[in-house]
Amino acid sequence: MVMSIPQRILVAPSGFKESLDAVEVAAAIAAGIRRVIPGVQVTTVPMADGGEGTAAALSSATGGRLVRHRVTGPVGSPVDSHFAMLGKVDRPTAVVEMAAAAGLRLVPAGLRDPGLTTTRGVGELILAALDQGAERIIVGCGDSGTSDGGAGALRALGARVLDSGGNDLPEGGAALAHAAAVDLSGLDSRLASTRIDLALNPYNVLCGPQGVARVFGPQKGASPEQVEVLSAGLDRWAQLLAGAAGQPESYLRTGPGTGASGGLGAGLAALGANLVPRFGLLLDSGLAGVDLDAHISRADLVVTAEGAIDFQTPRGKVPAEVARRAQAAGVPVLALAGSIGKDSGDVHAAGIDAIAGIIPIPMDLDTAVANGATLLREATERTFRVLLLGSAISSRLGDSRLGNAA
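Here goes a summary of the coordinates provided. (Residues numbered from 1 in each chain as written. Predicted model: local features only at pLDDT ≥ 70, side-chain atom pairs only at ≥ 80, totals over all residues. Heavy atoms only, no water.)

A look at helix α1 (residues 22–36)
Line of reasoning, step 1. The end-to-end C-alpha distance of α1, which contains 15 residues, comes to 22 Å, matching closely the 21 Å that a straight helix rising 1.5 Å per residue would cover.
Line of reasoning, step 2. Every buried residue belonging to α1 is among A22, V25, A26, A28, I29, A30, G32, I33 and V36, and all of these are buried.
Line of reasoning, step 3. You can read the cap of α1 off the contacts: a side-chain oxygen lies 3.1 Å from the backbone nitrogen of V23, and it is on D21. (Helix = DSSP H or I, 4+ residues; strand = E, 2+ residues; numbered from the N terminus. Expected span 1.5 Å × (residues − 1). Buried < 20%, exposed > 50% of the residue type's maximum accessible area, 1.4 Å probe, protein only. Polar contact = N/O pair within 3.5 Å; in protein donor to acceptor, adjacent residues only side chain to side chain.)

Below, the structure written as structure tokens:
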């Protein structure tokens, strides 16, 4: 069988956390492909997954607008943030991107302590969206720098988190272990008539061995000792939230998506928010303004990408979702990665046919992050030159077999 050169390539990547958003990743990959295969048809579909860039992507897709708003950042100092008011929808709808108010990118490297960071700014964005007349609010969960169970967001919305003396606890997840009560009586009254949907990864749960503190705490700067403190705090938080909101404790502890964005899923679920798998909400609903499955069906090859390909990738990450859809359509998939980690081979069962890392020589993380676009473009070029080599070898072997047959 003679291997042919793909002429219709779909590029559908995630962003690279703290380095490039999905639009920038797609552009870098497309540039690398075109340097190797001039004239190739490259279609880019940056994936809105609830993380960085989601509000802007959905605003653009629906003809909406971005609303700038200054909020409390994850370390307590003010940050410039935004949310989107969508166009072409049947009722006023806002998209609040939690990463724009409490994302890891907003936490300075020297202040990365998820025991102290807060989601208060997310609640402030929700209030601002209500002030704009939103009747439905979609909260994109991803790329968070917090592990406070959504306590900060609830405080901004009018809740109180109290110690045994009836005093307000300080911000952050570490303090939750000392919580004695949650008072929801002061919540903004508009929340009762507002639909809130969280677009999230349903694999992330609040508590237990796979709870958010244990799985993601170290990535956000927590030491092993801090992970235990955070885990204990979120256990306590689930118990108190369940009592205050009349929700089953088992649901808040291990319900699908309750651990999203450091437990923001559980915090807003206690208010009645809907926890929705992000790709169903953002892609299949049509809000993203793109039919990914249609683009896949027309492609000879799909290229996806993420900052890290590892054991977490099959658990609801962008490359696995893209590969699942491509596999159903019989289209091969290449995944590019900033790093290739533990159990990366598991992704082949998810439909990813090949993986390529973008780091050519040892370098520190700061250097890699700062040069993400160049590294990605050059890695794409190298990978596609290998693809062309395989095509040439396959073609030569095919010609040889034909000659021998003659």
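Description of the nonpolar core
Line of reasoning, step 1. Grouped together as the largest cluster of nonpolar side chains are 60 residues, with contacts concentrated most on F83, I126, I137, V139, L198, W237 and L268.
Line of reasoning, step 2. Looking at this core, the element that brings in the most residues is helix α7 (residues 224–245), giving 8 residues.
Line of reasoning, step 3. By size, the runner-up hydrophobic cluster in this structure holds 32 residues, among which are L283, A326, V333 and I352. (Core = buried A, V, L, I, M, F, W, Y, C linked by side-chain atoms within 4.5 Å.)

Quick notes on unusual backbone geometry
Line of reasoning, step 1. Positive phi outside glycine occurs at K88, with the angle close to 55 degrees.
Line of reasoning, step 2. Residue class for K88 comes out exposed when judged on its relative accessible area of 74%.
Line of reasoning, step 3. Notably, D143 is not glycine yet its phi reads approximately 60 degrees, a positive angle.
Line of reasoning, step 4. By the secondary structure assignment, D143 is in the loop between β6 (136–140) and α5 (151–156).

Observations regarding helix α2 (residues 54–62)
Line of reasoning, step 1. All of the buried residues along α2 are T54, A55, L58, S59 and T62. The arc that holds every buried residue of α2, seen down its axis, measures 130 degrees, which confines them to one face.
Line of reasoning, step 2. For α2, the elements touching its buried residues are β3 (65–72), β4 (78–85), β5 (93–97) and α10 (278–284). (Arc of directions from axis to C-beta. Contact = heavy atoms within 4.5 Å.)

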